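So the chains spell out like this:
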Amino acid sequence: MVTLEEFGDYQCPPCGVLHPTLKKLKQEFGTNLNFVFRNFPLTQIHKNALAAAQAAEAARMQDRFWEMHDFLYENQELWRDDINPQAIFLKEAEDLGLDMARFRRDMGDKQVQMRIDADTDAAAQFGVQGTPTIFIEGRELRPEVANPEEFARN
């Protein structure tokens, strides 16, 4: 089994561009690929990145992380510039059949924030500067390789 870790920001345009490639790899390799997503919201430049990470992690609490993760990347243009993207996240959570009272509670929960903070701390330990940053088996891919065309070749 190969472990691929992505440090990503749901509002990051290059992360959105890379998402279909990573999703395809996940489908192709199935159980032979351990795909780990780590939150690295760049809140200084992406005002909705933290709220998106909270929505994904709140969905994780109900075993629907990957569905929310995919929605966030595949619909960036829908929520990235929204003044209050939570309404969009709540609608998606409802569409996913989540317990809405629990989802609302979990979005602001300490456990969700601790998970995001742990990912951010791991990014600092690995020297991650931006997104997307990809590690395969603990080795960082050079940034010029972390794009769909180059990724497919490696």
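Presented here is an overview of the structure given in this document. None of these values were measured; they are calculated from a predicted model.

## What about the pairing of strand β3 (residues 133-136)?
Here comes step 1: Bridge count for strand β1 (residues 2-8) against β3 is four bridges, and the pairing is antiparallel. If you follow Leu4 over to β3, its bridge partner there is Ile136.
Here comes step 2: The sheet contact formed by β3 and strand β4 (residues 139-140) spans two bridges and is antiparallel. Considered in β4, the bridge of Phe135 is made with Glu140.

## Considering unusual backbone geometry
A negative phi holds for most residues other than glycine; trans holds for most peptide bonds.
Here comes step 1: With an omega of -10 degrees, the peptide bond between Thr131 and Pro132 qualifies as cis.
Here comes step 2: Within the element layout of this structure, Pro132 appears in the loop between α7 (110-126) and β3.
Here comes step 3: In the Ramachandran plot, Asp63 falls in the positive-phi region, its phi being about 60 degrees despite a non-glycine side chain.
Here comes step 4: On the secondary structure map, Asp63 appears in the loop between α2 (49-60) and α3 (65-74).
Here comes step 5: Even without glycine at this site, Glu137 takes up a positive phi of about 55 degrees.
Here comes step 6: Residue placement: Glu137 occurs in the loop between β3 and β4.
Here comes step 7: Looking at Glu137, the relative accessible area reads 49%, which means it is partly exposed.

What counts and how
Residues numbered from 1 in each chain as written. Predicted model: local features only at pLDDT ≥ 70, side-chain atom pairs only at ≥ 80, totals over all residues. Heavy atoms only, no water. Pairing = 2+ DSSP bridges. Helix = DSSP H or I, 4+ residues; strand = E, 2+ residues; numbered from the N terminus. Buried < 20%, exposed > 50% of the residue type's maximum accessible area, 1.4 Å probe, protein only.

The quantities given are spatial measurements derived from coordinates; they are silent on function.
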